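Descriptive analysis of the structure
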Amino acid sequence: MRFRSVFRVSQSRNRAPLLLFRQEASRPFSQLPSRSERSSLGIAFDIDGVILRGRTPIGGAPQALRRLYGDCGIIQLLGALKIPFLFLTNGGGIPESKRASELSELLGINIVPSQVVQGHSPFKKLVNRFENELIVAVGKGEPAVVMSEYGFKKVLSMDEYASYFENIDPLSSYKIWTTKQASNSNSTSKEFTPRCNVLLDRVQAAFVVSDPVDWGRDIQVLCDILRTGGLPGKVNGHQPPLYFAADDLEYQAAFPSERLGMGAFRLALESIFNRIHHNALEYTSFGKPNPFVFKNAEAILRHLQSASYHVMTNGHPGCHPFKTLYMIGDNPSVDIKGARQAGHPWFSILTRTGVFRGEENHAEFPADLVVDTVEEAVDYILRTECTP
Ligand SMILES: [Mg+2]
């Protein structure tokens with residue numbers, strides 16, 4: 001019964017030029033290679049709109065994920081991770097270790113930090129360039145803590161940075177929450193403050209780590225930093241680098257309809273900056289659908305696969321090239337577009353629990369498979385990969 005919707009979609013796509021199933025996935029199970037001949041697989045799960053809505057598990061996620069620890073003969077490591085999987089989200093704002101703990105609690109399984117790839121995770125690659133430079137981290141949660149844990153030594157959250165400049169936000173007195181923020185500012189950034197004069201040192205880069213909370217203040221101060229060469233209140237200078245963790249225009253949160261994401265913030269900042277500055281805004285966006293993210297996910301899945309085989313075979317290498325890497329997501333322009341661009345061995349599965357709610361496949365970024373829920377997606381994968 002669970003596959004009814006899968007095959008219904010498959011039939012509905014027969015009239016379209018794009019095939020819903022790839023050839024190897026749609027052939028009869030009797031023609032599948034034996035277990036010993038089979039190559040390996042890995043799974044990347046989006047979180048918002050697939051696994052969780054807000055903090056509530058959806059789509060049968062807990063039971064679906066628990067099945068990846070059972071025995072279907074692919075990696076016979078009883079009681080441990082059998083099919084390598086990770087969470088590939090454009091969200092963030094807290095360290096990967098903390099997110100892993102949260103997910104473990106919400107889903108009832110043991111998630112390790114290396115299984116959590118957030119939008120800002122690629123910022124680690126920029127530590128060598130900005131390790132000892134003054135940088136500003138923008139967004140909800142603990143953006144400065146995230147960057148500090150990556151190894152950046154002179155990082156200030158936007159909340160703290162803005163607090164050093166009197167009257168930089170003319171509306172601050174109308175924002176009652178800023179009083180609470182000031183008393184809650186984290187100790188990580190305070191530790192470095194004595195080694196840096198915020199009013200004299202130029203910001204060398206700005207990182208939008210997670211969804212900004214105070215768009216008005218953040219756009220104002222980012223424009224100040226970016227058009228002055230890193231020191232608000234001074235004359236114009238060369239724009240410092242600006243990095244975004246993701247570029248989602250919208251995403252599925254707890255509210256019934258989509259919410260504006262980091263891509264919407266980027267558009268607002270870019271539109272305003274380009275009106276008040278003679279040069280267009282220069283920036284780099286990470287996150288899905290950036291192909292780098294999928295390459296990085298493949299490398300992490302390979303590491304997880306290798307670790308599982310290492311334990312299973314007492315150290316003898318037993319890994320195979322990935323035959324299929326599944327990307328399960330709810331956002332066609334982010335999850336599905338990214339998997340399509342990444343190409344082999346990625347196989348995209350679109351759920352109807354988040355941004356996408358259509359009966360048919362998405363017109364612009366059609367997935368290899370459309371299902372109702374993540375549980376149906378895992379059913380499909382296990383049935384395809386594990387049936388003798
Ligand atoms: Mg999503």
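The numbering scheme is per chain: residues are counted from 1 as the chain's sequence reads. Local features in this predicted model are restricted to residues of pLDDT 70 or higher, and side-chain atom pairs are both shown and tallied only at a pLDDT of 80 or more, whereas totals for entire chains, interfaces and linings draw on every residue.

Exposure is read from a count of other C-beta atoms within 10 Å of each residue's own; the residue is exposed at 12 or fewer, buried at 20 or more and partly exposed in between. C-beta atoms are placed from the backbone. A run of H or I in DSSP becomes a helix once it reaches four residues, and a run of E becomes a strand once it reaches two; helices and strands are each numbered from the N terminus. Judged by how many residues are buried, strand S14 (residues 346–351) sits mostly within the fold: six of six residues are covered. The side-chain alternation of S14 yields two buried faces, one formed by Trp346, Ser348 and Leu350 and the other by Phe347, Ile349 and Thr351. Examined bridge by bridge, S14 and strand S15 (residues 369–371) share three bridges and lie parallel to one another. When the bridges of S15 are listed, Thr351 appears paired with Val371. In short, DSSP must find at least two bridges between two strands for them to pair.

Let us now look at the sheet that holds strand S5 (residues 116–117). Strand-to-strand pairing in sheets goes through backbone hydrogen bonds, with the strands running parallel or antiparallel. Strand order in the open sheet made by the six strands is S5-S4-S1-S13-S14-S15, with parallel pairing throughout. Because the sheet does not close on itself, it has two edges, and the strands there are S5 and S15. With three bridges connecting them, strand S1 (residues 40–45) and strand S4 (residues 85–88) associate as parallel partners. Bridge pairing in S4 links Ala44 to Leu86. Sheet contacts for helix H13 (residues 332–342): strand S13 (322–329) and S14; angle to S14, the most-contacted strand, approximately 165°. By the criterion used throughout, residues are in contact when their C-beta atoms, derived from the backbone, lie within 7 Å. Axes here mean lines fitted to C-alpha atoms, for a helix over just the part in contact, with angles spanning 0 to 180 degrees between N-to-C directions. Across the face of the sheet, helix H14 (residues 374–386) comes into contact with S1, S13, S14 and S15 while running at roughly 130° to S15.

What follows covers the environment of Asn132. Mapped onto the secondary structure, Asn132 falls in the loop between helix H5 (127–130) and strand S6 (134–138). Sequence separation between Asn132 and Gln204 is 72 residues; the distance between their C-alpha atoms is 9.9 Å. If we skip the residues at most four places from it in the chain, Asn132 touches Lys153 and Lys154.

What follows concerns the nonpolar core. Ranked by size, the top nonpolar core spans 90 residues in total, and within it Phe45, Ile135, Ala137, Met147 and Phe207 carry the most contacts. What counts as a domain boundary in this text is fixed by an automatic or database domain assignment. Both of domain 1 (41–119 + 289–386) and domain 2 (121–170 + 196–285) provide at least three residues apiece to this core. Setting aside residues up to four positions removed in sequence, Ala137 forms contacts with Pro143, Ala144, Val146, Met147, Val155, Ser157, Met158, Phe207 and Val209. Here, a nonpolar core denotes buried Ala, Val, Leu, Ile, Met, Phe, Trp, Tyr and Cys residues that are linked to one another through C-beta atoms within 7 Å.

Turning our eyes to something else, we now look at the sheet that holds S6. Taken in spatial order, the five strands make up an open sheet running S7-S6-S8-S9-S12, and their pairing is parallel. Each edge of the open sheet carries a strand with a single partner, namely strand S7 (154–157) and strand S12 (284–285). Across two bridges, strand S9 (residues 242–244) lies against S12 in parallel orientation. Paired with Phe244 across the two strands is Ser285, which belongs to S12. Lying on the sheet, helix H10 (residues 215–227) is in contact with S6, strand S8 (205–208) and S9; it crosses S8 at an angle near 155°.

On to the packing of H10 against helix H11 (residues 262–276), then. Remark: H10 packs on H11, axes separated minimally by 10 Å, with the N-to-C direction vectors making an angle of 45°. It follows from the interaxial angle that H10 and H11 lie oblique. Viewed along their axes, H10 and H11 form a crossing whose handedness is right-handed. Taking contact as the criterion, the partners of Trp215, Ile219, Leu222, Cys223 and Leu226 in H10 are, on H11, Phe265, Ala268, Leu269, Ile272, Phe273 and Ile276. Class assignment for the residues of the contact of H10 with H11 results in eleven nonpolar, no polar and no charged. Every angle not falling under 35 degrees, over 145, or within 65 to 115 is termed oblique; those three ranges are roughly parallel, roughly antiparallel and roughly perpendicular. In a left-handed crossing the near helix is turned counterclockwise from the far helix by less than a right angle, and in a right-handed crossing that turn is clockwise. Each residue is assigned to one of three groups, with Ala, Val, Leu, Ile, Met, Phe, Trp, Tyr, Cys and Pro labelled nonpolar, Asp, Glu, Lys and Arg labelled charged, and all others, Gly among them, labelled polar.

On to the pairing of S6, then. The buried fraction of S6 is high, at five of five residues. Here S6 shows a buried face lined by Leu134, Val136 and Val138 and a second buried face lined by Ile135 and Ala137. Looking at chain direction, S6 and S7 are connected through four bridges and run parallel. Bridge pairing in S7 links Leu134 to Lys154. In this region the chain leaves S6, passes through helix H6 (residues 143–150) and returns to the parallel neighbour S7; the handedness of that crossover is right-handed. Across four bridges, the pairing between S6 and S8 is parallel. Each residue of the ladder has a partner; that of Ala137, found in S8, is Phe207. We call a crossover right-handed when, viewed with both strands directed away from the observer, the connection leading from the first strand over the helix to the second proceeds clockwise.

Take the number of residues in a helix, subtract one, and multiply by 1.5 Å to get its expected span. Compared with an ideal rise of 1.5 Å per residue, which puts 15 residues at 21 Å, H11 spans 21 Å between its outermost C-alpha atoms and is within 8% of the ideal. What H11 keeps buried is the set Met262, Gly263, Phe265, Arg266, Leu269 and Phe273. Down the axis of H11, the buried side of the element spans an arc of 150°, and every buried residue falls inside it. For H11, the exposed residues set more than 90 degrees away from the buried face come down to Ser271 and Arg275. Structurally, H11 contributes buried residues whose contacts are with S8, H10, S9 and S12. Directions drawn from the helix axis to the C-beta atoms are what define this arc.

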